[in-house]
Amino acid sequence: MSNKHVFRVEGLVSGYENKTIIHGIDLEIPENKISVIIGANGCGKSTLLKTMAKLIKPTEGDITLNGKAINKYPSKQLARTVGILPQTPVVPDGITVADLVGRGRFPHQTLFSGWTKKDYEAVEDAMEFMNIIEFANLDIDELSGGQRQRVWIAMALAQQTDILFLDEPTTFLDITYQVEILDLLTNLNQKHGTTIVMVLHDINLSARYADHIFAVKDGKLIAEGKPADVLTSELVKNVFELDSVIIQDPVSATPLVIPKGRYYVND
Amino acid sequence: MIKLKSDSSPLDKNDRHVPKHFSIILLAGFILLIVTVIASLVLGARVVSYQELMDGLSFQNVDSYGANVVQKRISRTVFGLCCGAALAISGVLMQTVTRNPLADPSILGVNTGAALFVVAGISFFQISTAGQYIWLALIGASITAVFVFGIGSMGRGGATPIKLVLAGAATSAALSSLVTAIMIPNLYAMDQFRFWQVGSVGSGSWQSIIIFIPFLIVGIMIAFISAPALNALALGDDVATGLGVRPGLLRAFAIGAGVILCGVTTALAGPIGFIGLLATHSMRLLVGSDLRFLIPLSALAGAIILTFSDVAGRLIGSPGELEVGIITAFIGAPILILLAKKSKVRSL
């Protein structure tokens, strides 16, 4: 299985109706790695992710997959290589876990093929991978937030794409579930070589789980690279307008950002 | 917190993607359908005998009164089944596209648009036959749908469900005042329109069925073809886009099919309410939200409910008959309230 893909963004300008949010970004997504986009609220990190995933039409610039513009691919074909889990998907009421995960198979099915053995296997594998087999026949409503998020990721996995975008997959989850989700995504990356690009809020978890960090400020890419190289107190000051001390994470030996507020500073 | 059900043995892996008891529900549906059809042929102001039924069905002794009645009822029944199925599918499509569990063709203003054109036709062009109604109603329904869709697509995010529903409601209100304005000064139009306005399948002739069938086939085909994509769309536009669906295009297609189905039915039988809601919600409770199963079952349920209502109307109104539109409203309204109260009406 060839999962080598070159995904490149050049001169990207994007946003909503008369409001430009991304002001010219160039980047290349590192293959088979986990990349995390960090930045302050409203800096455009989510817009960048959505534009790369074709959810927003760019006003200027090129987004290419293996040298071909992503909007030149037939949409189903693109969806077999690039998948996205957006931040607020709609849960149809009364849908079972297996049904929801199965809907991720859409791009692999044609009008006449219907459900094939491959589809059933992919759904089964995805549910097994996310540890949700035991919930397969339950309604989504019966699950907790963390379990639900695992179901959504399983749906994205069932899509079996080599590149997977995730928009804040850990938001609203307890720390336990955040770590669990990020562990599972790391598993996915290591086992299948899936290229993962996600937006995360927690900068320290980003530093721990990312192979590569894209730091975005005011719609521009201001730094990128390995967390250990990129995450400095200057960068944190620049991106988040926050004073901080960077130490080494005693668990993962990655950078750990200790914020400095106005209070409780011993000096 | 999680009730672990012991129903995830490896044996039923593939069954997970087929609703529980699907085949039983389907079988029960077909049995009910047959019973309803027989009832529709036999019952009415005049109850026919077994011999007359057989004569009518086999086109023997067609001179006898009973056999004649049966033959009339055959076309009426077939017409009723078509109307029921068409309205139910139209309902599923509109509900899915607008992500509004209470969406009915009427919510997008489609019914009112059809009515306006029919009234204008009666009033200004003295139109009075089904063959002419159908085109007027279809044109009216389509223009309204395009208009509502156009307004609903303006602004950020395109044709979102909420904008579609609002545009539909506003358009519907405006159009129905136009209908009244045209009708009130014109007695002839009012008479004609009144007859058409209460939905009825009593006028269902082979001629209307022949007009109906091509539209029904096109509508059903679009519904079946777009079912998997609509399943993806139900997860939100973003997820759907990520799965390779083009939401705008898909919505236009599905609404198109919904408009054709509902427009033609409305043209031929008059506005018949509640079928789209009743059929789809009862089936949603039974088989869940997967449209690959929901669409055919809803069509079956719609056909049964409408035909059954027609029979009930004939019995209650005997020796005359109550129009089916009145019966569906009578059956539909309380059941819907009941469903809503039990909060079992599943939102999309």
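As the structure is a computational prediction, the values presented were derived from the model and not from experiment. (Residues numbered from 1 in each chain as written. Chains lettered and ligands numbered in written order. Predicted model: local features only at pLDDT ≥ 70, side-chain atom pairs only at ≥ 80, totals over all residues.)

A.B. asks: Please clarify how the nonpolar core should be interpreted in this entry.
C.D. replies: Note that soluble globular proteins tend to have their nonpolar side chains buried in a common cluster. Core analysis: the largest hydrophobic core is formed by 165 residues, its most contacted members being Val101(A), Ala154(A), Ile89(B), Ala137(B) and Val264(B). Both of domain 1 (1-81 + 165-232) and domain 2 (91-160) of chain A provide at least three residues apiece to this core. Leave out the neighbours within four places in its chain, and Val101(A) touches Val123(A), Ala126(A), Met127(A), Val151(A), Ala154(A), Met155(A) and Ala158(A). Ranked by size, the runner-up nonpolar core spans 6 residues in total, among them Val37(B), Val48(B), Val69(B) and Val70(B). (Core = buried A, V, L, I, M, F, W, Y, C linked by C-beta atoms within 7 Å. Buried ≥ 20, exposed ≤ 12 C-beta atoms within 10 Å, placed from the backbone. Domains from an automatic or database assignment. Contact = placed C-beta atoms within 7 Å.)

A.B. asks: Which parts of the structure should I look at to understand the interface of chain A and chain B?
C.D. replies: In many reports, interface size means the accessible area that the parts give up when they come together. Counting residues at the interface gives 39 residues for chain A and 34 residues for chain B. Going through the elements one at a time, helix 2 (75-78), strand 6 (82-85), helix 3 (97-102) and helix 4 (117-129) of chain A are the ones with two or more residues in the side of chain A that touches chain B. A class-by-class count of the residues in the side of chain A that touches chain B yields 20 nonpolar, 10 polar and 9 charged. (Helix = DSSP H or I, 4+ residues; strand = E, 2+ residues; numbered from the N terminus. Nonpolar A, V, L, I, M, F, W, Y, C, P; charged D, E, K, R; others polar.)

A.B. asks: Help me out: how do you make sense of the domain arrangement of chain A in this one?
C.D. replies: All names here are of chain A. Parsing chain A into structural domains produces domain 1 (1-81 + 165-232) and domain 2 (91-160). One C-alpha centre belongs to domain 1, the other to domain 2, and the line joining them spans 23 Å. Here the side of domain 1 that touches domain 2 takes 5 residues from helix 6 (residues 175-192), the largest share from any one element. Here the residues of the side of domain 1 that touches domain 2 sort into 8 nonpolar, no polar and 4 charged.

A.B. asks: Got a minute to help me understand the sheet that holds strand 5 (residues 68-69) of chain A in this structure?
C.D. replies: Strand pairing in a sheet relies on backbone hydrogen bonds, with the paired strands running either antiparallel or parallel. Residues and elements named next belong to chain A. A sheet is described by the order of its strands in space; here 4 strands give the open sequence 2-1-4-5, paired in antiparallel fashion. Two strands lie at the open edges of the sheet, namely strand 2 (19-29) and strand 5, each paired on one side alone. Taken together, the 5 bridges between strand 1 (residues 7-16) and strand 4 (residues 60-65) define a ladder with antiparallel strand orientation. Paired with Arg-8 across the bridge in strand 4 is Thr-64. (Pairing = 2+ DSSP bridges.)

A.B. asks: Help me understand helix 9 (residues 233-240) of chain A in this model?
C.D. replies: Residue pairs spaced three or four apart in an α-helix point in one direction, given the helix's 3.6 residues per turn. Residue and element names in this part refer to chain A. Within the sequence span of helix 9, burial applies to Leu-235, Val-236 and Val-239. Down the axis of helix 9, the buried set is contained in an arc of 100°. They therefore lie on one face. Summarising the contacts, the buried residues of helix 9 are in contact with strand 3 (34-39), strand 9 (212-217), strand 10 (220-225), helix 8 (227-230), strand 11 (243-248) and strand 12 (255-260). At the exit of helix 9 stands Glu-241, carrying a positive phi of roughly 50°. (Arc of directions from axis to C-beta.)

A.B. asks: Could you clarify how one ought to interpret the packing of helix 1 (residues 22-42) of chain B against helix 3 (residues 65-98) of chain B in this entry?
C.D. replies: Helix packing for two helices is described by the angle between their axes and how far apart those axes are. All names here are of chain B. At a minimum axis separation of 8 Å, helix 1 and helix 3 run at an interaxial angle of 140°. With respect to helix 3, the element helix 1 is oriented oblique. Along this stretch, helix 1 crosses helix 3, giving a crossing that reads as right-handed. Contact residues: helix 1 offers Val-37, Ser-40 and Leu-41, while helix 3 offers Val-70, Arg-73, Ile-74, Thr-77 and Gly-80. Class assignment for the residues of the contact of helix 1 with helix 3 results in 4 nonpolar, 3 polar and 1 charged. (Axes fitted to C-alpha atoms, helices over the stretch in contact; angles between N-to-C directions. Parallel < 35°, antiparallel > 145°, perpendicular 65-115°, else oblique. Left-handed = near helix turned anticlockwise from the far one by under 90°.)

A.B. asks: Before we go on, may I ask you to explain the pairing of strand 7 (residues 163-167) of chain A in this structure?
C.D. replies: Where a strand is regular, its side chains alternate between the two sheet faces. Residues and elements named next belong to chain A. Counting buried residues along strand 7, 5 of its 5 residues qualify, which places the element largely inside the surrounding structure. In terms of strand pairing, strand 6 meets strand 7 through 4 bridges, oriented parallel. Of the residues in strand 7, the one forming a bridge with Val-82 is Ile-163. Two elements, strand 7 and strand 8 (residues 195-199), share 5 bridges in a ladder whose sense is parallel. Within the sheet, the bridge partner assigned to Phe-165 lies in strand 8 and is Val-197. Between the parallel pair strand 7 and strand 8, the chain is carried across by helix 6, and the sense of this crossover is right-handed. (Right-handed = clockwise from strand over helix to strand, strands pointing away.)

A.B. asks: Sorry if this is basic, but what is going on with the UniProt feature "domain: ABC transporter" (unreviewed entry) in chain A here?
C.D. replies: What UniProt calls "domain: ABC transporter" (unreviewed entry) maps, in this numbering, to residues 7-243 of chain A. The annotated region residues 7-243 of chain A carries 35% helix and 26% strand content, and the separation between its end C-alpha atoms amounts to 34 Å. (UniProt positions renumbered as here; feature names shortened; annotations may be inferred.)

A.B. asks: What am I meant to see in the sheet that holds strand 10 of chain A here?
C.D. replies: All names here are of chain A. One open sheet accounts for 6 strands, arranged 6-7-8-3-9-10; its pairing is mixed. Here the strands that pair on one side only, and so sit at the sheet edges, are strand 6 and strand 10. The average undirected angle you get between the axes of adjacent strands in this sheet is 20°. Relative to strand 9, strand 3 runs parallel, the two sharing 5 bridges. Note that in strand 9 the partner of Val-36 across the bridge is Ile-213. Relative to the sheet, helix 1 (residues 45-52) contacts strand 3, strand 7, strand 8 and strand 9, its axis offset from that of strand 3 by approximately 140°. Along the sheet, helix 9 contacts strand 3, strand 9 and strand 10; its crossing angle with strand 9, the most-contacted strand, is approximately 40°.

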